[in-house]
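Understanding the architecture of this molecule
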Amino acid sequence: MKRILTKVLVIAIMLSMTVCVMAQEEMQGHPFNGVITDLLGNPIRKAKVYLNNPKIYAISDKKGRVGLSEIKDDDTLHVIYKKQLYMIPVEGRQGMRIKLGDQLNALAEKDEHLVDVGYGFVRNREKTSSSSGITRYQLMQTGRTNLMDALKMKVPGLSIGSTTIPGEKAKVNIRGVSSLNCSTEPLLLIDGVPVSDLDHVSISDVEYVEVIKDANIYGVRGANGVISVHTRGSK
């Protein structure tokens, strides 16, 4: 009887975890990187880009680069430049070069190189979250050689769980929220690219680290916060 109850409990937990993962995946989109230019290829600065809510938007930088976090394949980009609105279907493209003409028409081409940037252009989005930038010098002052250990000494509320299972990575939490089923680990980025851990990062290679507890700009993936590592020479 005990074995049956144990099996039932295990199955229930697995089903609960599966439902949680499926719910998250359904809500999640993918990072989007775009470059906006005129018809001659000159970058367009300060073009406003949003999806459904014009109050949640991104602004292209001086190189025409713009990034959004949670884009779905069937979304439509709204690009506003010089009071003109351009409607551009995403159609599954994660990286796109957009050329704006004199009229309301725009040319959009998929760019695989921009896809490889991951979350690289998201930093150009309007930020409304609290972020603490920690420099390499501040990390070295802790006397720790492991990046996460050094961050733990610098970031209030950052916790790193212990594990006794060989090969299993320790759980990281920066928001103090716990859950039996859903992951509470933050999104980890190195120069804008998502990674599974930061164990291979040497503090001497770090320029600075942003620890963002309320990372709305990264959508669902940033629900548990973001630890974004910027390496030396990455700019």
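Each chain has its residues counted from 1, following the order in which its sequence is written. Local features in this predicted model are restricted to residues whose pLDDT is 70 or higher, and side-chain atom pairs enter the listing and the counts only when it is 80 or higher, whereas totals over whole chains, interfaces and linings include all residues. With hydrogens and water excluded, all non-hydrogen atoms of the structure serve as input to the side-chain values.

1. Focus: the sheet that holds strand S1 (residues 30-38)
The pairing criterion is simple: DSSP has to find at least two bridges between the two strands. Numbered from the N terminus, helices here are DSSP runs of H or I no shorter than four residues, and strands are runs of E no shorter than two. The strand order S4-S1-S7-S8 describes an open sheet built from four strands, whose pairing is mixed. The open sheet is flanked by strand S4 (65-71) and strand S8 (106-110), the only strands paired with a single partner. Between one strand and the next, the sheet's axes are offset by a mean angle of 25°, whatever the strand orientation. Note: S1 against strand S7 (residues 95-100), six bridges, orientation parallel. What sits directly across from Gly34, in S7, is Met96. The angle between two axes is taken between their N-to-C directions and runs from 0 to 180 degrees, where each axis is a line fitted to C-alpha atoms and a helix contributes only its stretch in contact.

2. A closer look at the environment of Val193
Inspection of the secondary structure puts Val193 in strand S13 (residues 193-195). Given a relative accessible area of 34%, Val193 falls into the partly exposed group. For Val193 and Val117, which are 76 residues apart along the polypeptide, the C-alpha to C-alpha distance reads 6.6 Å. Non-local contacts of Val193, meaning those with residues more than four positions away in its chain, are made with Asp116, Val117 and Leu188. Throughout this description, buried means an accessible area under 20% of the type-specific maximum (1.4 Å probe, protein chains only), exposed means over 50%, and partly exposed covers the range between. Throughout, a contact is declared for two residues whenever any of their heavy atoms are within 4.5 Å.

3. Examining unusual backbone geometry
Unusually for a residue other than glycine, Lys46 sits at a positive phi of about 65°. In this structure, Lys46 sits in the loop between S1 and strand S2 (48-50). With a phi angle near 50°, Asp191 is a residue other than glycine that sits in the positive phi range. For Asp191, the position within the fold is in the loop between strand S12 (187-190) and S13.

4. Quick look at the nonpolar core
With 20 residues, the main nonpolar core has Leu139, Leu147, Leu151, Leu198, Val209, Ile227 and Val229 as its most contacted residues. Considering every element that reaches this core, the biggest residue donor is helix H4 (residues 147-154), with four residues. Beyond its immediate stretch of four places on either side in the chain, Leu147 contacts Leu139, Leu198, Val201, Ile203, Val206, Val209 and Val229. Take the buried Ala, Val, Leu, Ile, Met, Phe, Trp, Tyr and Cys residues and link them wherever side-chain atoms come within 4.5 Å; each set so joined is a nonpolar core. By size, the runner-up hydrophobic cluster in this structure holds 18 residues, among which are Ile36, Val49, Leu77 and Leu100.

5. Here we look at a positive patch on the surface
A contiguous patch of positive charge on the surface is contributed by Arg45, Lys46, Lys62 and Lys63. Looking at the secondary structure, you find Lys63 in the loop between strand S3 (57-59) and S4. Think of a patch as exposed residues, more than 30% relative accessible area, with no salt bridge, where like charges cluster within 9 Å and nonpolar side chains (Val, Leu, Ile, Met, Phe, Trp, Tyr) cluster within 5 Å. Note that accessible areas follow from Shrake-Rupley with a 1.4 Å probe, and for residues the cover is restricted to the protein chains shown. The salt bridge definition used is simple: a Lys or Arg side-chain nitrogen within 4 Å of an Asp or Glu carboxyl oxygen. When charges are counted, Lys and Arg contribute as positive and Asp and Glu as negative, whereas His and the chain ends are disregarded. Charge coordinates come from a single atom per side chain, which is NZ of Lys, CZ of Arg, CG of Asp or CD of Glu.

6. Brief notes about the packing of aromatic side chains
When two rings of Phe, Tyr or Trp (its six-membered ring) have centres within 6.5 Å they constitute a pair, described as stacked for plane angles under 30 degrees, edge-to-face for angles over 60, and tilted for the intermediate range. A complete count under the given rule lists zero aromatic pairs for this structure. We count a charge as sitting over a ring when the NZ of a lysine or the CZ of an arginine lies within 6 Å of the ring centre and within 35 degrees of the ring normal. When the ring centre of Tyr57 is taken as reference, the NZ or CZ atom of Lys48 above it lies at 4.6 Å.

7. Digging into the confidence of the model for the protein
Across the protein, pLDDT averages 79, with 75% of residues at or above 70. You can read pLDDT as the predictor saying how much it trusts each residue, on a scale of 0 to 100. Helix H1 (residues 2-27) is the least confidently modelled element of the protein, averaging 50 in pLDDT, while S7 averages 94, the highest of any element.

8. A closer look at the sheet that holds strand S6 (residues 84-89)
On the basis of which strands lie adjacent, the open sheet formed by four strands has the order S3-S2-S5-S6 and antiparallel pairing. Of all strands in the sheet, those bounded by a partner on one side alone are S3 and S6. Each neighbouring strand pair of the sheet contributes to a mean axis angle of 25°, computed without reference to strand direction. Note: S2 against S3, three bridges, orientation antiparallel.

9. What to know about the side chain of His78
As for its position among the elements, His78 is in strand S5 (residues 76-81). A relative accessible area of 14% means that His78 is categorised as buried. A distance of 2.7 Å separates the side chain of His78 from the backbone oxygen of Leu51, its partner in a polar contact. Leaving out residues up to four positions away in the same chain, His78 has contacts with Lys48, Val49, Tyr50, Leu51, Leu85, Tyr86 and Met87. Polar contact criterion, stated in full: a pair of N or O atoms within 3.5 Å, where within protein one must be able to donate a hydrogen and the other to accept it, and residues adjacent in sequence count only if both atoms are side-chain atoms.

10. Thoughts on the pattern of salt bridges
Under the criterion given, the structure shown has five salt bridges. Here Arg93 makes a salt bridge to Glu91, at a shortest N to O gap of 3.6 Å. On the basis of relative accessible area, Arg93 is assigned to the buried category, the value being 13%. Residue Asp111 is joined to Arg97 by a salt bridge in which the shortest nitrogen-to-oxygen separation is 2.5 Å. Of the two residues, Asp111 is situated in the loop between S8 and helix H2 (112-115) and Arg97 in strand S7; the sequence distance between them amounts to 14 residues. The exposure class assigned to Asp111 is buried, which follows from its relative accessible area of 14%. Look at Arg97 and you get partly exposed, because its relative accessible area is 37%.

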